[in-house]
Amino acid sequence: GWLDRHTRRAPAALRSRVAEYAASADPERMAESLADAGRRALERVAAHAGDRSVALDLLAADALITLALLAEAERRPERLGQFAAGLVRAAPPAP
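Residues numbered from 1 in each chain as written. Predicted model: local features only at pLDDT ≥ 70, side-chain atom pairs only at ≥ 80, totals over all residues. Heavy atoms only, no water.

### Structural notes on the nonpolar core
Thought 1: Within the largest apolar cluster, 21 residues are counted, with the highest numbers of intra-cluster contacts made by Trp-2, Leu-3, Val-18, Leu-34 and Leu-64.
Thought 2: A total of seven residues in this core trace back to one element, the largest contributor, which is helix H4 (residues 55-75).
Thought 3: Sequence-distant contacts of Leu-3, that is, excluding residues within four places in its chain, are made with Val-18, Ala-19, Ala-22, Leu-34 and Leu-67. (Core = buried A, V, L, I, M, F, W, Y, C linked by side-chain atoms within 4.5 Å. Buried < 20%, exposed > 50% of the residue type's maximum accessible area, 1.4 Å probe, protein only. Helix = DSSP H or I, 4+ residues; strand = E, 2+ residues; numbered from the N terminus. Contact = heavy atoms within 4.5 Å.)

Structure, rendered in structure tokens:
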């Protein structure tokens, strides 16, 4: 599917973690689903601040947000800026 096509060149461990977070992604709402998955990954990282065991989750969060932006750019390029701004507004405050 879409996610596999866009992650196949990533390291296996990262690809697997991204797939775990994106397992329930709705193909009809791919950008929003991936953004939600990225937020979940980031919440896990924030809950374990300073713990190196969540390093892969941090990389997955970055990848998922990047993929969400890509999905939106492919689907509705004219709304990419608005979508990105919404992601920034929805981001949790920095610790």
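### Structural notes on helix H2 (residues 12-21)
Note that an α-helix has 3.6 residues per turn; residues three or four places apart therefore point the same way.
Thought 1: If you check which residues of H2 are buried, you get Leu-14, Val-18 and Tyr-21. All buried residues of H2 project into a common sector of 65° when viewed along the axis, lining one side. Residues Ala-12 and Glu-20 are exposed on H2 and point more than 90 degrees away from its buried face. (Arc of directions from axis to C-beta.)

### Re helix H3 (residues 30-47)
Thought 1: Over its 18 residues, H3 extends 26 Å from the first C-alpha to the last, a length consistent with the 26 Å expected when each residue adds 1.5 Å.
Thought 2: Among the residues making up H3, those that are buried are Met-30, Ala-31, Glu-32, Ser-33, Leu-34, Ala-35, Ala-37, Gly-38, Ala-41 and Val-45.
Thought 3: For H3, the elements touching its buried residues are helix H1 (2-7), H2, H4 and helix H5 (80-90). (Expected span 1.5 Å × (residues − 1).)

### Quick look at the pattern of salt bridges
Thought 1: Summed over all chains, the structure comprises eight salt bridges.
Thought 2: In this structure, Arg-39 and Asp-36 form a salt bridge, with 2.5 Å as the shortest nitrogen-oxygen distance. Within this pair, Arg-39 and its partner Asp-36 are both found in helix H3, separated by three residues, close to a single helical turn.
Thought 3: Residue classification places Arg-39 among the partly exposed residues on the basis of a relative accessible area of 24%.
Thought 4: The salt bridge involving Arg-76 is made with Glu-72; its shortest N-O contact spans 3.0 Å.
Thought 5: What you see here is one network of salt bridges that share partners, running through Arg-17, Glu-20, Arg-44 and Asp-57. (Salt bridge = Lys/Arg side-chain N within 4 Å of Asp/Glu carboxyl O.)

Geometric descriptors of this kind do not, in isolation, establish any biological role.
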